[in-house]
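One letter stands for each residue in the lines below.
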Number of protein chains: 2
Amino acid sequence: MIGKLISNIRRTNAPIVVGLDPMMGFVPESIKKAAFAEYGETLEGAAEAIYRFNEKIVNATADLIPAVKPQIAMYEQFGVPGVLAFKKTVDLCKAKGLVVIGDVKRGDIGSTSAAYAAAHLGTTAIGSSAFEAFGEDFATVNPYLGSDGVEPFLKVCRENNRGIFVLVKTSNPSSGEFQDRLVDGRPLYELVGEKVDEWGRTAMDPSPEAEGYSEVGAVVGATYPEMGKKLREIMPKSYILVPGYGAQGGKGKDLVNFFNKDGLGAIVNSSRGIIAAWKQEKYAAYGEEHFEEAARAAVIDMQKDIAEALA
Amino acid sequence: MIGKLISNIRRTNAPIVVGLDPMMGFVPESIKKAAFAEYGETLEGAAEAIYRFNEKIVNATADLIPAVKPQIAMYEQFGVPGVLAFKKTVDLCKAKGLVVIGDVKRGDIGSTSAAYAAAHLGTTAIGSSAFEAFGEDFATVNPYLGSDGVEPFLKVCRENNRGIFVLVKTSNPSSGEFQDRLVDGRPLYELVGEKVDEWGRTAMDPSPEAEGYSEVGAVVGATYPEMGKKLREIMPKSYILVPGYGAQGGKGKDLVNFFNKDGLGAIVNSSRGIIAAWKQEKYAAYGEEHFEEAARAAVIDMQKDIAEALA
C-alpha cells in the first residue's frame, strides 16, 4: 500500500495528507441547519453534518492530494452515528482514489490487536464470507505494548497489502515526558524508531511503485525537526507521517529533515489548517458558504510552501 | 466513580471484573443460527449474536460481580453494527448496576484526547443539549503521549464523576520491550506509575465510598507480580486493574501483591476464563447450551480462589 501512496504523491507532486478531523465549529451554519432539520439536534444530526462537510472538502481537494487522514476520535464523540460517518468518509475517499490513513492510534495485545487489525486494515470472517469492517488503507498504531502488540498488525499488512504508521515522537509539548527519556544514553523514541525499522523489514511492499519503502511508517511531529533528522537516518525505509505543520507551529523549512535524498519518505499532515481555512483571516474572503474553496486554496498554498522548502 | 466500584466490590465480596471480549468461537451455535437467520451471515448478524451472548452472560452473573470490561476491539471488528453491539452492552450492564470499564486503550493529544474523553466518559454538546456517545464509567488510557494526552481525560473525570485506568505494565510477554527499559536506573513503568499517582491526586473521588482512592487507576498485569508489588507502593491511592489472571498464566497467589493492606486497591480481570468457561474441560458438563451457567460457576470459583489467596 505504500506503493499506492507514493504513486499518488508523485502524481499530485504533493507530499500532503489532509486531516479530516471535523469539529462542529468548523461546519457552516447552512449544513448544520439542513442536517438538524432532517435528523434533529441529535448525535445523528451532528454526524450527518460532519459527513456532508467532509464530502464538500473531499470533492473540492481530491485532485490535488494523495491521501486523507480521518481522526476517528472526532467521529466517536458522536457515538454510533459518528462511527457510521467515519465509515462513510472512508468509503467516499477510497472511491475518489485517495489513500485513507485511519488515525486510530490503536494498540493492544495478541488476539485483541488482531481484532483491531482486522477492523481497520483486514477483514472479519463470518461464516464462509469475509467482510471489511472499516477498510482503511493505513492505520496509526501505539507501540507502548511492544512487539506482540504490533505483530498482528504486521501480519494483516503482509496478507492484505496494507500499512501502519507507528507513533514514535509525537508533536505535542509533553511528548518528551516518556518518549525523550534516556535509555542507555539514548532517547526512548530512537529505540522505538529502531523497532519500526526492524518491523518494516518484515513487511516490505514488493511493488515497483514502493521504491524500496516498507509498509511500516512512523509518526514524528513537525515540531521536533532535529529529532526528525536523526529518526530519518534510523528508519531509512520507513515513510514518516508528520503532524504538527501549521496550527501546531511546524513550518515548511522545518520539514526538510523528514525527507530522504530521493525526495520521498515523508508526508505532511494538515487538519484544521485546511478544513477550517475559511476561519483564518487569510482565507476569510471565501466566506463561510464557500468553505471548500478556502480549503482548496489552503492546499495549494501548502503544496507551494513544502515544494519551496524542499527545492 | 471509584466509590461506586468499591461499594460494588464490598457488596459482592468479589474484586473481579468480567471481560466481555466475545469471539465468534465462544458463541453457541444456537445463538449464531438464530441471529444469522434474522440478519444474515453479515456483520449485523455477527454483532447481534455477540450481543445476545453477552446478554445471557450478564444476566447469569450480574448479582455476583461488581463490574464488566468490554474490550471494544472485539466489537470494532464487526464494523458499525459491532460498535452498536458495544453500546448496547454498555447500556445493558449499566441498567444492571454494574460498573462498566470500557477497555478502549485510547490516547491522543489536545482536542483529540478531549474528543475521546467525551466519547467514552463525558457528553457531546449538540445545540443546547448534551448526549452520551458511549457512556462508560471508566476507560483504559495509553500514556505514551504524555500528560497533555491524559489531562483531557482527567478533566472529564473530575467534571463527570468518571475514572480511568492508565496502562503502566501490561501483561503480555513483550511488554518489557519499552516499559522495562531503565531510565536513570529505574524502569520506565515506574515513572509512568509515578505520573499515575500524580494525576490521581488531581482527581480524587470525594465520596465516602471511595475510601481515599482516586479516579486514576493503573493497568498492571498479573503476570508480573514482583513489579506489581513495587507499583502498589508507588501508587497507594490508585486502583490497579489486573489482567492476565487465568488464561495468560497469572494465579490467585500472585495477586496478593496488587492489593493494599485495607483489602482494597485491586480488581482482577478474567475474560475467556469466564465467558468461554463452557469450552474448558472443568466446566464442560454444562454443555454448549448452558454456557451462561458455566460462566456463573467460573465466577464463583474465581471469587473463591482470590478470597483464599487474600486470606
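Figured I'd write up the structure that's included with this text.

Digging into the overall build of chain A
Across its full length, chain A carries 12 helices and 12 strands. Rg of the C-alpha trace for chain A: 19 Å, near the compact-globule value of 19 Å for 311 residues, within the 12% margin. Taking the principal axes of its C-alpha atoms as reference, chain A extends roughly 60 × 55 × 40 Å. Of all 311 residues assigned to chain A, the portion counted as buried reaches 65%. For chain A, the share of sequence-separated contacts (at least 6 apart) that also reach a separation of at least 24 residues comes to 72%. For chain A, the accessible area works out to roughly 10500 Å², and carbon and sulfur atoms hold 53% of it. In chain A, the 34 positive side-chain charges and the 41 negative ones have mean positions that sit 2 Å from each other.

Looking at unusual backbone geometry
Peptide bonds are, in most cases, trans, and in most cases residues other than glycine have a negative phi. All names here are of chain B. Of note, the phi angle at N13 is positive, near 50°, even though the residue is not glycine. Inspection of the secondary structure assignment puts N13 in the loop between α1 (2-12) and β1 (16-20). Among the residues examined, N13 registers a relative accessible area of 53% and is labelled exposed. A positive phi angle, close to 50°, is found at E211, a residue other than glycine. Topologically, E211 is positioned in the loop between α9 (188-201) and β10 (216-220). On the basis of relative accessibility, which here comes to 38%, the residue E211 falls in the partly exposed class.

Brief notes about the relation of the copies chain B and chain A
Applying a rotation about an axis and a shift along it to one chain copy brings it onto the other copy. Mapping chain B onto chain A is achieved by rotating through 180° and translating by 0.0 Å along the same axis, at an RMSD of 0.0 Å. In symmetry terms, the pair is related by a two-fold rotation axis. Among all residues of chain B, the minimum C-alpha distance to the rotation axis is found for V183 of chain B, at 2.7 Å. Comparing interface residues between copies, 100% of those in chain B also sit at the interface in chain A, which points to an isologous, same-surface contact.

A short note on the environment of G246 of chain A
In this structure, G246 of chain A sits in the loop between β11 (240-242) and β12 (266-270). With 166 residues separating them in the primary sequence, G246 of chain A and V80 of chain A have C-alpha atoms 31 Å apart.

So, the packing of helix α6 (residues 110-120) of chain B against helix α7 (residues 147-160) of chain B
Residue and element names in this part refer to chain B. Following both chains from N to C, one finds α6 and α7 inclined at 35°, their axes separated by 8 Å at the closest point. Two packed elements cross with a definite hand, and for α6 against α7 that hand is right-handed. Residue-level inspection shows G110, S113, A114, Y116 and A117 of α6 in contact with α7, the latter providing D148, G149, P152, F153 and V156. For the contact of α6 with α7, a count of residues per class yields six nonpolar, three polar and one charged.

Looking at the environment of A85 of chain B
Residues and elements named next belong to chain B. With respect to the secondary-structure elements, A85 resides in helix α5 (residues 79-95). The sequence separation of A85 and G135 amounts to 50 residues, and the corresponding C-alpha distance is 14 Å. Here A85 is in contact with A47, Y51 and Y75, once residues within four sequence places are set aside.

Describing the state of the cysteines
All names here are of chain A. Evaluated as defined, the whole model comprises zero disulfides over all chains. Of the cysteine sulfurs around C157, a residue in no disulfide, the closest is that of C93, at 20 Å. Of the residues examined, C157 reaches a relative accessible area of 2% and is grouped as buried.

Regarding empty space enclosed by the protein
What the rule picks out here adds up to two cavities of 30 Å³ or more. Approximately 50 Å³ is the volume found for the largest cavity. The wall of the largest cavity is formed by I72, E76, V83, R106, H120 and F134 of chain A together with I72, E76, V83, R106, H120 and F134 of chain B. Residues belonging to the lining of the largest cavity are distributed by class as follows: six nonpolar, two polar and four charged. Considering only enclosed or pocket space, the second largest cavity measures out at about 30 Å³ in volume. Lining the second largest cavity are G107, D108, N142, P143, L145, G146, G149 and V150 of chain B. By residue class, the composition of the lining of the second largest cavity is three nonpolar, four polar and one charged.

Digging into the environment of L231 of chain B
Residues and elements named next belong to chain B. Inspection of the secondary structure puts L231 in helix α10 (residues 225-234). Overall, the relative accessible area of 0% leaves L231 in the buried class. The spacing of L231 and K169 is 62 residues in sequence and 9.1 Å in space, taken between C-alpha atoms. If we skip the residues at most four places from it in the chain, L231 touches V168, K169, Y189, E190, G193 and V220.

As for the nonpolar core
In this structure, I164 of chain A together with L5, I164 and Y239 of chain B are the most contacted members of the largest nonpolar core, which totals 236 residues. With residues up to four places along the chain from it excluded, the contact list for I164 of chain B reads L121, F138, A139, V141, V150, F153, L154, C157, E215, V216 and G217 of chain B.

What about the sheet that holds β10 of chain B?
All names here are of chain B. Judged by pairing direction, the barrel is parallel, and its eight strands sit side by side in the order β1-β2-β3-β6-β7-β10-β11-β12 before closing back on the first. Ignoring strand direction, the axes of neighbouring strands in this sheet form an average angle of 30°. Where strand β11 (residues 240-242) lies against strand β12 (residues 266-270), three bridges are found, and the strand directions are parallel. Across the sheet, V242 pairs through a bridge with V268, a residue of β12.

Re the packing of aromatic side chains
One pass over the structure, following the stated rule, counts 10 aromatic pairs over all chains. On the numbers, 6.0 Å between centres and 65° between planes, the contact of F86 of chain B with F134 of chain B is edge-to-face. With F86 of chain B in helix α5 and F134 of chain B in the loop between β5 (129-131) and β6 (138-141), this pair connects stretches of sequence that are 48 residues apart. F134 of chain B sits in the buried class, given a relative accessible area of 1%. Grouping aromatic residues by their ring pairs yields a cluster made of Y75, F86 and F134 of chain A. Against the face of Y51 of chain B rests K88 of chain B, its NZ or CZ located 4.3 Å from the ring centre.

Examining the interface of chain B and chain A
Opposite the 69 residues of chain B that make contact, chain A presents 69 residues. Carbon and sulfur atoms supply 63% of the area that chain B and chain A bury against each other, a total of about 5600 Å² over both sides. It is I126, Y144 and F178 of chain B that lose the most area in chain B upon contact with chain A, and together they represent 16% of the buried surface on that side. One can count seven salt bridges joining chain B with chain A. The residue makeup of the side of chain B that touches chain A, split by class, is 34 nonpolar, 21 polar and 14 charged.

Quick word on the pattern of salt bridges
Tallying each qualifying case throughout the model produces 49 salt bridges over all chains. Put simply, K94 of chain A and E132 of chain A hold a salt bridge, and the shortest N to O gap is 3.6 Å. You can see K94 of chain A sitting in helix α5 (residues 79-95) and its partner E132 of chain A sitting in the loop between β5 (129-131) and β6 (138-141), a full 38 residues away along the chain. The shortest N-O distance in the salt bridge between D91 of chain B and K87 of chain B comes to 3.0 Å. Here K87 of chain B and D91 of chain B lie together in helix α5, a separation of four residues that amounts to about one turn. Via salt bridges that share partners, E38, E48, R52 and K88 of chain A belong to a single interconnected network.

Definitions and cut-offs
- Residues numbered from 1 in each chain as written.
- Chains lettered and ligands numbered in written order.
- Predicted model: local features only at pLDDT ≥ 70, side-chain atom pairs only at ≥ 80, totals over all residues.
- Heavy atoms only, no water.
- Helix = DSSP H or I, 4+ residues; strand = E, 2+ residues; numbered from the N terminus.
- Rg over C-alpha atoms; globule rule 2.2 N^0.38 Å.
- Buried < 20%, exposed > 50% of the residue type's maximum accessible area, 1.4 Å probe, protein only.
- Contact = heavy atoms within 4.5 Å.
- Areas by Shrake-Rupley, 256 points an atom, 1.4 Å probe, with all protein chains shown as cover.
- Lys, Arg positive; Asp, Glu negative; His and termini not counted.
- Charge placed at Lys NZ, Arg CZ, Asp CG, Glu CD.
- Least-squares fit on C-alpha atoms with pLDDT ≥ 70 in both.
- Axes fitted to C-alpha atoms, helices over the stretch in contact; angles between N-to-C directions.
- Left-handed = near helix turned anticlockwise from the far one by under 90°.
- Nonpolar A, V, L, I, M, F, W, Y, C, P; charged D, E, K, R; others polar.
- Disulfide = S-S within 2.5 Å.
- 1 Å grid on protein atoms, 1.4 Å probe; cavity = no way out; pocket = protein on both sides within 12 Å on 5 of 7 lines; lining within 4 Å.
- Points joined across faces, edges and corners; volume = space filled by probe spheres on them.
- Core = buried A, V, L, I, M, F, W, Y, C linked by side-chain atoms within 4.5 Å.
- Pairing = 2+ DSSP bridges.
- Phe/Tyr/Trp six-rings, centres within 6.5 Å; stacked < 30°, edge-to-face > 60°.
- Lys NZ or Arg CZ within 6 Å of the ring centre and 35° of its normal.
- Buried area = accessible area lost by both parts, 1.4 Å probe.
- Salt bridge = Lys/Arg side-chain N within 4 Å of Asp/Glu carboxyl O.

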